[in-house]
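One letter stands for each residue in the lines below.
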Amino acid sequence: MVDSGNLLLADRQVPVVFRILKMMNYAGVGIGRFDVHMIEKYCKAAKEDGIPILHISPEMPDGAVPYIIKHVGSIRVGIVSFGAVKLNQNDFNLRKLRYAMLRKARDESDVLILLDAADVVTDQEWLERHASRLGSPDLLIGNHKFPGFLEPKLVGKTWIMPLGAQAKYVGVVKIEAGPNKELKVNATRTFLDESIIEYPDVKKIIDEHLQSERELAKVTSAAVTKMLASPSSHGESMTSGVYYDSRTCVSCHKSQYDSWSKTKHSTALKTLVDKNRVIPACLSCHSELYRQKGTYVATDVRYNQSVECASCHINVLPHGNEGPHKDIKVKIDINNCRVCHTKEQSPDFEKKPSEYWEKAIHRS
Ligand code: HEC
Ligand code: HEC
Ligand code: HEC
Ligand code: HEC
């Protein structure tokens, strides 16, 4: 099993998920753009559990390898990953390094799997044009530039796997060795439905984790409530160090997500990109990821790291199917808004706070 990346984990989930991946015998995990700010954490957890993080970058973090070769019977399966990298890395060196590693992996393998969470392959035409230089990977996984098809698709020699969102299915690849040793690769997918048996060991790890999160949520919520009660302490103290991506909320809160998507909060990072001001002094209010992690990934502004759900709702997080714990205060104090809507940055806010409030509460 391999995963191209974008595991979308919160800090405390990282060791838990890697323990589970280990139990499931994962060969390697790539890095997507939603993981790159966590790469050191992923590498640490992966190292502890003996799963390589597949990654290519001029600055390789400890615990990452550019590719692996797995032996399946007598067949050598190469797995290489073009994962997302942090922004400050030189494009040209990176490209050179990626292609060099791909060629090496190709030379050492019979079947080559390319994890492309960085969307290096931009479209079908690109793939056809560059296939031979890329060593014609047999399988392309995790690329967002091929949306809108559900079954694996063969382009030249390369099977493109559809993106598997929300763990709804896994890709399955059959490799057959023909009589003249020519390999036939065939890709399908299998749905993860209720007929799949749950591993008791895995369930136990998850239950324990959820229980400890519930305990922690009670403590965090009490601390946030206390902090908001003293007006002098807004500001940095709103940060919890845990980043919640807005897309982790959409499956349960679609209408709020849609209405938030129409507000400027959802494009606050883009505002900085357009002004060429993706700098800490501005990110401190315009990006939730930066507020929590002191980092940002401006690779693709379609994905949000702006003023997100958690920028306003941090006091109820985390929660899952059951919603926030009943002890937790769900109402938002308008002082939370003033953390960013200061006199300097938002002079109109104090003149008409209720108008601002109305626009923010998901009525549209
Ligand atoms: C983490 C910082 C932050 C917090 C907290 C915050 N805002 Fe904002 N808000 C912004 C930024 C930044 C913008 C401007 C976005 C842009 O134009 O790029 C903005 C813009 C707005 C706008 C204009 C939106 C539009 O679509 O025209 C409204 C209204 C608003 N905020 C209301 C609120 C209210 C009400 C709260 C509290 C419930 C709140 N904000 C909390 C940072 C924040
Ligand atoms: C203290 C938090 C904070 C900081 C720091 C901050 N902003 Fe903002 N910014 C806001 C808020 C809040 C708004 C929304 C203002 C409103 O609509 O009342 C906003 C709005 C904007 C807008 C939209 C204004 C418009 O008229 O559409 C731009 C552009 C902008 N900010 C750029 C920047 C830049 C560039 C920096 C860094 C130099 C920066 N901001 C730093 C909070 C902040
Ligand atoms: C697995 C489903 C699920 C996910 C994912 C989820 N929530 Fe919830 N949430 C709930 C349920 C259930 C409730 C309680 C019932 C309700 O109020 O809708 C709730 C309640 C809330 C409330 C309080 C609503 C109130 O009654 O005032 C807020 C705010 C909230 N969620 C925000 C979020 C944010 C932000 C995220 C993403 C970081 C998120 N939720 C992710 C299921 C979920
Ligand atoms: C600018 C701040 C802000 C942002 C960003 C924001 N919300 Fe809210 N949200 C509010 C406010 C204010 C309310 C009204 C609740 C209250 O009175 O405290 C609210 C209410 C809710 C509720 C309660 C049900 C309802 O619709 O009233 C849910 C659920 C919720 N938000 C989810 C989300 C999710 C999911 C996101 C991201 C997609 C999000 N919110 C982004 C400010 C925000």
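Residues numbered from 1 in each chain as written. Chains lettered and ligands numbered in written order. Predicted model: local features only at pLDDT ≥ 70, side-chain atom pairs only at ≥ 80, totals over all residues.

### What about the overall build of the protein?
Next, step 1: When you go through the protein residue by residue, the secondary structure sums to twelve helices and twelve strands.
Next, step 2: In the protein, which comprises 364 residues, the proportion classed as buried is 29%.
Next, step 3: A separation of at least 24 residues holds for 64% of the contacts in the protein among residues at least 6 apart in sequence. (Helix = DSSP H or I, 4+ residues; strand = E, 2+ residues; numbered from the N terminus. Buried ≥ 20, exposed ≤ 12 C-beta atoms within 10 Å, placed from the backbone. Contact = placed C-beta atoms within 7 Å.)

### Thoughts on helix α3 (residues 91-107)
Next, step 1: The terminal C-alpha atoms of α3 lie 24 Å apart, and with 17 residues this matches the ideal 24 Å at 1.5 Å per residue to within 8%.
Next, step 2: Among the residues of α3, those classed as buried are Arg98, Leu102 and Ala105. With its buried residues spanning 65° around the axis, α3 presents them on a single face. In α3, the exposed residues that point more than 90 degrees away from the buried face are Phe92, Asn93, Lys96, Ala100 and Asp107. (Expected span 1.5 Å × (residues − 1). Arc of directions from axis to C-beta.)

### Considerations on the site of ligand 2
Next, step 1: Neighbouring ligand 2 are 16 residues; Arg277, Cys282, Cys285, Gln345 and Ser346 lie closest to it.
Next, step 2: Looking at the shell around ligand 2 element by element, the count peaks at five residues for helix α8 (residues 280-286).
Next, step 3: Classifying every residue of the shell around ligand 2 by side-chain character gives six nonpolar, seven polar and three charged. (Near = placed C-beta within 6 Å. Nonpolar A, V, L, I, M, F, W, Y, C, P; charged D, E, K, R; others polar.)

### Focus on the site of ligand 4
Next, step 1: Near ligand 4 there are 17 residues, and of these Cys249, Gln256, Cys309, Cys312 and Ile332 occur at the shortest range.
Next, step 2: Among the elements of the structure, α6 (254-261) and α10 (309-313) are those that each provide at least two residues to the shell around ligand 4.
Next, step 3: In terms of residue count, the dominant contributor to the shell around ligand 4 is α10 (four residues).
Next, step 4: In the shell around ligand 4, the residues fall into nine nonpolar, seven polar and one charged.

### Considerations on the sheet that holds strand β10 (residues 158-160)
Next, step 1: With respect to topology, six strands assemble into an open sheet ordered β5-β6-β7-β8-β10-β9, the strand pairing being mixed. If you trace the sheet from one side to the other, it starts and ends with β5 (67-72) and β9 (153-155), each paired once. Between one strand axis and the next, the sheet turns through 25° on average, direction left out of account. (Pairing = 2+ DSSP bridges. Axes fitted to C-alpha atoms, helices over the stretch in contact; angles between N-to-C directions.)

### A word on the packing of helix α1 (residues 13-23) against helix α2 (residues 39-49)
Next, step 1: At their nearest, the axes of α1 and α2 sit 9 Å apart, and the two run at 40° to each other. It follows from the interaxial angle that α1 and α2 lie oblique. Here α1 runs over α2; the crossing is right-handed. The segment α1 lies against α2, with Val14, Pro15, Phe18, Arg19 and Lys22 engaging Lys41, Tyr42, Ala45, Ala46 and Asp49.
Next, step 2: Looking at the contact of α1 with α2 residue by residue, the classes come out as six nonpolar, no polar and four charged. (Parallel < 35°, antiparallel > 145°, perpendicular 65-115°, else oblique. Left-handed = near helix turned anticlockwise from the far one by under 90°.)

### Digging into the nonpolar core
Next, step 1: Core analysis: the largest hydrophobic core is formed by 45 residues, its most contacted members being Ile113, Leu114 and Leu115.
Next, step 2: Only α1, α2, β3 (53-54), β6 (75-81), α3, β7 (111-115), β8 (139-141) and β10 provide two or more residues apiece to this core.
Next, step 3: For this core, the element with the highest residue contribution is α2, accounting for five residues.
Next, step 4: Counting residues in hydrophobic clusters, the runner-up holds 16 residues, among them Trp260, Tyr290, Cys312 and Val316. (Core = buried A, V, L, I, M, F, W, Y, C linked by C-beta atoms within 7 Å.)

### Focus: the pairing of β6
Next, step 1: Taking burial as the measure, the seven residues of β6 include five buried ones, the bulk of the element.
Next, step 2: Two strands pair when backbone bridges link them, and β5 and β6 are joined in this way by six bridges, in the antiparallel orientation. Bridging from a neighbouring strand, Ile69 pairs with Gly78 of β6.
Next, step 3: Connecting β5 to the next strand, β6, in antiparallel fashion are two residues, including Gly73 with a positive phi near 60°.
Next, step 4: Alignment of β6 against β7, held across five bridges, turns out to be parallel. The residue bridging Val77 from the neighbouring strand is Val111, located in β7.

### Considering the confidence of the model for the protein
Next, step 1: Confidence in the prediction for the protein averages 82 pLDDT; 87% of positions are at 70 or higher.
Next, step 2: Scored below 50 in pLDDT, residues 227-238 shows twelve contacts in the model against residues more than four places distant or in partner chains. (pLDDT = per-residue confidence, 0-100.)

### Structural notes on unusual backbone geometry
If a residue is not glycine, its phi is most likely negative; likewise, a peptide bond is most likely trans.
Next, step 1: In this model, Leu317 is joined to Pro318 through a cis peptide bond whose omega is 0°.
Next, step 2: Although it is not a glycine, His362 adopts a positive phi angle of roughly 60°.
Next, step 3: Topologically, His362 is positioned in the segment after α12 (353-360).
Next, step 4: Residue classification places His362 among the partly exposed residues on the basis of 14 C-beta atoms within 10 Å.

### Digging into the environment of Asp91
Next, step 1: Structurally, the position occupied by Asp91 is in helix α3.
Next, step 2: Separated by 33 residues in sequence, Asp91 and Pro58 place their C-alpha atoms 10.0 Å apart.

### Observations concerning the environment of Lys86
Next, step 1: Mapped onto the elements of the fold, Lys86 is located in the loop between β6 and α3.
Next, step 2: Here Lys86 falls in the partly exposed class, since 15 other C-beta atoms lie within 10 Å of it.
Next, step 3: Spatially, the C-alpha atoms of Lys86 and Ser57 are 9.1 Å apart, while their sequence positions differ by 29 residues.

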